[in-house]
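Residue-level structure breakdown
The chain contents come next:
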Amino acid sequence: MVRNRWIKFILLYIGGVVVSLSQLKLVPIQNELVQELGISLSMVSWLMSIFTVSGIFLAVPGGTLVTRFGPKKLLLALMGFLALGNLWGAFSTSFWSLLLSRAVEGISFSMIIMVGIVLINFWFKENHSGIATGLWGTFSALGSMLAMNLFKPIVQKYGLHSLWYLIAVLSLILLFLYLIFLDEPASQAIAEGRKKEGSVKNAMENKAIWLLAVAQGCMAFILFAFINLYPVIYTQYYGLSENLANSYTGYFGLFGIPFGALAGFLIDKLKKGQVIIFCSFLLMLVATFWMGYLNSNITFIAQLFALSAGASLSSSCVMILAPKVVKQERLIGASISFINLFYYIGIFIGTPLVTKVSEIGDSWLTAIYLLVAVGMIALLAVIGFIRLNKHKVLS
């Protein structure tokens, strides 16, 4: 086993990035998929969203699985499913086969966040765990940046299915490295955790957790709808070239990387958790509305920056503040699992619903207004959370 915890963290982080690459690999090649499979853009949106369907069913029991089998074994299984799904997808020639392969790939995404947090807390204990947790939350942003800048040229040179082969190979390499180099809590510690495990039913009795879950679900709805549809909106609504649209979308991931860690720093230093989470969701709402009214290169970049900052800060604030409003420590895991359930539902329904509304309304502006409405629901949930905890110092 590797003793240096940061080396282990880097290996874990790379795994998170590879999972994110698998999730987002369809975004820059949507036109190629439409031509290859002879399907509509709305059907492609289902290929993107089905990746998270496993998370809807596995988010809640995920905490139990980690406790029962241990985080390392679960991580190995997740990498195995990622490899299997990508190998299946590489040989798929029909929409339905590819759809099923995406669901298998998505098993890796369903628990990677939670497994990572468990391992980080074990490796770092009380020392630098906050920094590591904040950095861990940025793997999706880095995956988005890499996918939007690298995958289109790879497909043009090596063919459409090359992305599936690439991620399958990376998954198997990581599985082998994890098996050799990573460690986990001893079986006795896992057994103790099983005894202290809290139920989701108990966690659901906390109104604050419900409000955070709604806010997080709305955030995921908006965030992943934009991640998946930015290139299409840029080309169809604003008339940008496909290369420029993909390039702009790549900036979105780049901007999001530092803000996950920044949320923890701000909350710790300023001792104003309620103010920071409100400002984060407000910024996301404003940036969402702004998307319908861009008129120059500067506004394209500024809107990307604002939305990326708002969404990254919002998501991190929810994860940081949730444990602070849980009455019993044993319910933290169950509470996070419940919040993640809403997160995965938001990802799953966001892209197809927004795409369908754009088709029915015959305009992407109509779809953007839908996203604004979802952002308003998120902000109202945050306001309710703040009012519920107005006498607490959430630092």
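Calculation rules
- Residues numbered from 1 in each chain as written.
- Predicted model: local features only at pLDDT ≥ 70, side-chain atom pairs only at ≥ 80, totals over all residues.
- Heavy atoms only, no water.
- Helix = DSSP H or I, 4+ residues; strand = E, 2+ residues; numbered from the N terminus.
- Buried < 20%, exposed > 50% of the residue type's maximum accessible area, 1.4 Å probe, protein only.
- Areas by Shrake-Rupley, 256 points an atom, 1.4 Å probe, with all protein chains shown as cover.
- Patch = residues over 30% accessible without salt bridge, like charges linked within 9 Å, V, L, I, M, F, W, Y side chains within 5 Å.
- Salt bridge = Lys/Arg side-chain N within 4 Å of Asp/Glu carboxyl O.
- Contact = heavy atoms within 4.5 Å.
- Expected span 1.5 Å × (residues − 1).
- Core = buried A, V, L, I, M, F, W, Y, C linked by side-chain atoms within 4.5 Å.
- Polar contact = N/O pair within 3.5 Å; in protein donor to acceptor, adjacent residues only side chain to side chain.
- 1 Å grid on protein atoms, 1.4 Å probe; cavity = no way out; pocket = protein on both sides within 12 Å on 5 of 7 lines; lining within 4 Å.
- Points joined across faces, edges and corners; volume = space filled by probe spheres on them.
- Nonpolar A, V, L, I, M, F, W, Y, C, P; charged D, E, K, R; others polar.

**Concerning the overall build of the chain**
Along the backbone of the chain there are 18 helices and zero strands. Of all 395 residues assigned to the chain, the portion counted as buried reaches 57%. Working note: accessible area of the chain is about 16400 Å², and carbon and sulfur atoms make up 68% of it.

**Points about a nonpolar patch on the surface**
Where nonpolar side chains cluster on the molecular surface, the patch consists of Leu-166, Val-169, Leu-170 and Ile-173 and spans about 300 Å² of accessible area. Residue placement: Leu-170 occurs in helix 9 (residues 162-181).

**Topic: the environment of Thr-351**
In this structure, Thr-351 sits in helix 17 (residues 332-360). Separated by 122 residues in the primary sequence, Thr-351 and Leu-229 place their C-alpha atoms 7.3 Å from one another. Aside from chain neighbours lying at most four places away, what touches Thr-351 is Ser-45, Met-48, Ser-49, Phe-224, Ala-225, Asn-228 and Leu-229.

**A closer look at helix 15 (residues 273-290)**
Its 18 residues place the ends of helix 15 26 Å apart at the C-alpha level, agreeing with the 26 Å of an ideal helix rising 1.5 Å per residue. Considered for burial, the residues of helix 15 that qualify are Gly-273, Gln-274, Ile-276, Ile-277, Ser-280, Phe-281, Met-284, Leu-285, Ala-287 and Thr-288.

**Here we look at the nonpolar core**
Formed by 127 residues in total, the largest nonpolar core has its most connected members in Ile-112, Tyr-234 and Phe-281. A per-element tally of this core places helix 12 (residues 207-236) first, with 20 residues.

**Some thoughts on the pattern of salt bridges**
Any two side chains of opposite charge can pair, given that their charged atoms come close. This structure, assessed with the given rule, holds six salt bridges. Between Glu-32 and Lys-152 there is a salt bridge whose closest N-O contact spans 2.5 Å. Here Glu-32 is found in helix 2 (residues 30-37), whereas its partner Lys-152 is found in helix 8 (residues 139-158), with 120 residues between them in sequence. The partner of Lys-152 in a salt bridge is Glu-242, with the nearest N and O atoms 2.2 Å apart. Taken together, the positions of Lys-152 in helix 8 and Glu-242 in helix 13 (residues 242-256) put the pair 90 residues apart, joining distant regions of the chain. Looking at Glu-242, the relative accessible area reads 28%, which means it is partly exposed. Through salt bridges that share partners, Lys-25, Arg-102 and Glu-105 make up one connected network.

**Quick word on the side chain of Thr-52**
Following the sequence through the fold, Thr-52 ends up in the loop between helix 3 (41-49) and helix 4 (53-69). Side-chain polar atoms of Thr-52 contact the backbone oxygen of Ser-49, separated by 2.9 Å. Those residues in contact with Thr-52, other than ones at most four positions away along the chain, are Gln-23, Phe-109, Tyr-344, Ile-347 and Phe-348.

**Things to note about empty space enclosed by the protein**
Throughout the structure, instances matching the rule amount to four cavities of 30 Å³ or more. The volume enclosed by the largest cavity comes to roughly 50 Å³. Considering the residues around the largest cavity, the lining is formed by Leu-33, Glu-36, Leu-37, Gly-89, Ser-92, Leu-98, Leu-160, His-161 and Trp-164. It is helix 2 that contributes the most residues to the lining of the largest cavity, three residues altogether. Of the residues assigned to the lining of the largest cavity, the class counts are five nonpolar, three polar and one charged.

**What to know about the environment of Gly-62**
Within the secondary structure layout, Gly-62 lies in helix 4. For the pair Gly-62 and Val-115, spaced 53 residues apart in sequence, the C-alpha separation works out to 8.6 Å. Setting aside anything within four residues of it in sequence, one finds Gly-62 in contact with Met-111 and Met-114.

Shape descriptors only; they carry no functional weight alone.
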